[in-house]
Amino acid sequence: MPVWQQVYEEINDPDFVILCVAEDTGGEAVAGPIFDAANATYIQIVDTNHIISSAFNFVNVPSAAWVDEEGRIVRIDEGTYAKVHELRDETRSITFGNDVYTPALRDWVEKGSNSEYVQSIETVTGNIRALSFEQQKADAAFRLANLFRDHGLTEKAEHYWNLTQTLNPESINFFRQNLTLSEEGSAGETFMTRRGEYESQKKDYYRPLDMDS
Amino acid sequence: MAAFLAYPELRHPFEAKPIHAEGSTSVLYQGRQITLTETGSGTDSNQSLLINSEDLKRINGFELKPEGACYADMCIPLTNKLQVTQEGKQWFDLTAFADLLEQPYVFDAESNVWSFSEIPAKRDNMMVNGLAPDFEIPDRQGNVIRMTDLKGKKALIVTWSSW
């Protein structure tokens, strides 16, 4: 996460912290070297059980919350990119992200509650996703699957990963963590088909960023 | 873009090993595994998890007090559905407690593991008042990070993945 390290260094305020939470099911083996390569000095967490994500009702990455000095959430659950990214290989390229989020974040750190990017309690609570009982139950199934994986119980892990996705089909996190552990990977045909469904149904893949660009 | 961010070798990287000692029961909650050596199963066999009330606190932070099962400023009155006596022994019915609080759980009978989702009432402050939820998780250096420890600072909490 070199881009968040850059943002953190630029903001350079002792009363501002970044918690950067990696949801990789590959855990430290996958996420650790990425943090290390970024020379990260912010708080780094490897969260294979998606504890933080479920605490804030996030369903996709990257997602974020801004929390003020009093513990109030002042923005939540937006596709959180620090800049415009481009990924390419021989056959195609994908562009994603934006260039408005980081300046907005900097504005909030400087101005606090006077920042125009601070949202009202009503807006914030309205932006927190409401999860059904079944969707909440998916968290329990997911952690059970991870426990079985950690103990080498392959069939049980597969069973509960499948149950997780049945209980919460809206979670792109659960969908992609599972794809990452397959031969086709997290951006193969299965993912592209799902992504295409979002586009054709005009559903938001991320909650739209409520900032002027 | 075949095999883009694919780690199939990490799907099941671990050798089979026991989850807990023979005869034990494990509870998963908030990313922790709590192993219990003494539990009961109720009259409907595998549908209930009865625990010693002393174990309640290390599972979900609730403590039994005269006014009920309490956590922070919340107390759930104790009823004979929650406190069960079997053959002279008193148990706390953790599954009845979860049902009362509308807390979801999943049980794997073969391995004797109960996995609980978060207790919705613990999250009312977020859902209604927009306050950040409590969590507790170790960072990469092994320090335990709690939301409450961040008071007095502005925090950007951002999730990502190599996916």
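No experiment lies behind these values; they were computed from the predicted model shown. (Residues numbered from 1 in each chain as written. Chains lettered and ligands numbered in written order. Predicted model: local features only at pLDDT ≥ 70, side-chain atom pairs only at ≥ 80, totals over all residues.)

Draft legend 1. The sheet that holds strand β2 (residues 32–36) of chain B, seen in detail. Residues and elements named next belong to chain B. Read across the sheet, 4 strands follow the order β2-β1-β11-β10 without closing on themselves; strand pairing throughout is mixed. Because the sheet does not close on itself, it has two edges, and the strands there are β2 and β10 (105–108). On average, each strand axis in the sheet is tilted by 20° relative to the strand beside it, whichever way the strands run. (Pairing = 2+ DSSP bridges. Helix = DSSP H or I, 4+ residues; strand = E, 2+ residues; numbered from the N terminus. Axes fitted to C-alpha atoms, helices over the stretch in contact; angles between N-to-C directions.)

Draft legend 2. Molecular detail of the sheet that holds strand β3 (residues 63–67) of chain A. Spatial strand order, β2(A)-β1(A)-β14(B)-β3(A)-β4(A): 5 strands in an open sheet with mixed pairing. Whereas interior strands pair on both sides, the edge strands pair on one side only; in this sheet they are β2 (43–46) and β4 (73–76) of chain A. Here the average twist between neighbouring strands, direction ignored, is 15°. Bridge count for strand β1 (residues 16–22) of chain A against β2(A) is 4 bridges, and the pairing is parallel. Bridged to Cys20(A) within β2(A) is Gln44(A).

Draft legend 3. Molecular detail of the pairing of β1(A). Most of β1(A) sits inside the fold, with 5 of its 7 residues counted as buried. Both β1(A) and strand β14 (residues 154–160) of chain B contribute to a ladder of 7 bridges, which runs parallel. Across the sheet, residue Ile18(A) finds its bridge partner in β14(B), namely Leu156(B). Between β1(A) and its parallel partner β2(A), the chain crosses via helix α2 (residues 28–37) of chain A, and the hand of that crossover is right-handed. (Buried ≥ 20, exposed ≤ 12 C-beta atoms within 10 Å, placed from the backbone. Right-handed = clockwise from strand over helix to strand, strands pointing away.)

Draft legend 4. The arrangement of the interface of chain B and chain A in detail. At the junction of the two partners, chain B supplies 58 residues and chain A supplies 83 residues. Elements that contribute at least two residues to the side of chain B that touches chain A include exactly β10, β11 (113–116), α3 (124–129) and β14 of chain B. For the side of chain B that touches chain A, the per-class residue count stands at 35 nonpolar, 12 polar and 11 charged. As judged from the 5 bridges shared by β3(A) and β14(B), these two strands associate in the antiparallel manner. Bridged to Trp66(A) within β14(B) is Leu156(B). (Contact = placed C-beta atoms within 7 Å. Nonpolar A, V, L, I, M, F, W, Y, C, P; charged D, E, K, R; others polar.)

Draft legend 5. Summary view of the domain arrangement of chain A. Residues and elements named next belong to chain A. Taken domain by domain, chain A consists of domain 1 (2–127) and domain 2 (133–200). Taking only C-alpha atoms into account, the centre of domain 1 sits 23 Å from that of domain 2. Split into classes, the residues belonging to the side of domain 1 that touches domain 2 amount to 2 nonpolar, 7 polar and 1 charged. (Domains from an automatic or database assignment.)

Draft legend 6. Up close: unusual backbone geometry. The amide bond that connects Val61(A) to the next residue, Pro62(A), takes the cis arrangement and shows omega of -10°. With respect to the secondary-structure elements, Pro62(A) resides in the loop between α3 (51–55) and β3. Phi is positive for Gln30(B), which is not a glycine, with a value near 55°. Within the element layout of this structure, Gln30(B) appears in the loop between β1 (25–29) and β2. Residue Gln30(B) is classed as buried on the basis of its C-beta count, with 23 C-beta atoms lying within 10 Å. One non-glycine residue, Ala72(B), lies in the positive phi region at around 50°. Counting through the fold element by element, Ala72(B) comes out in the loop between β6 (68–71) and β7 (74–76).

Draft legend 7. Fine view of the confidence of the model for chain B. Looking at chain B, pLDDT values average 93 and 96% of them are 70 or higher. Across the interfaces of the predicted complex, the ipTM metric reaches 0.95, alongside a pTM of 0.93. (pLDDT = per-residue confidence, 0-100.)

Draft legend 8. Spatial organisation of helix α1 (residues 2–11) of chain A. Residues and elements named next belong to chain A. Looking only at α1, the buried set comprises Trp-4, Val-7 and Tyr-8. Taken around the axis of α1, the buried residues stretch over an arc of 100°, which confines them to a single face. Exposed and oriented more than 90 degrees from the buried face of α1 are Glu-9 and Glu-10. Of the residues trailing α1, Asn-12 is marked for its positive phi of about 45°. (Arc of directions from axis to C-beta.)

Draft legend 9. Expanded view of the pairing of β6(B). All names here are of chain B. Here strand β5 (residues 63–65) pairs with β6 via 3 bridges, running antiparallel. Bridge pairing in β6 places Leu-64 opposite Ala-69. Between β5 and β6, which pair antiparallel in sequence order, lie 2 residues. Relative to β7, β6 runs antiparallel, the two being bridged by 3 bridges.

Draft legend 10. Focus on the packing of helix α7 (residues 154–167) of chain A against helix α8 (residues 172–180) of chain A. All names here are of chain A. Where α7 contacts α8, the two axes come as close as 9 Å, and the packing angle between them is 150°. Of the possible angle classes, the one that applies to α7 and α8 is roughly antiparallel. Considering how the two elements wind past one another, α7 and α8 form a crossing that is left-handed. Within the contact between the two elements, α7 uses Trp-161, Thr-164 and Gln-165 and α8 uses Phe-174, Phe-175 and Asn-178. Considering only residue class, the contact of α7 with α8 consists of 3 nonpolar, 3 polar and no charged. (Parallel < 35°, antiparallel > 145°, perpendicular 65-115°, else oblique. Left-handed = near helix turned anticlockwise from the far one by under 90°.)

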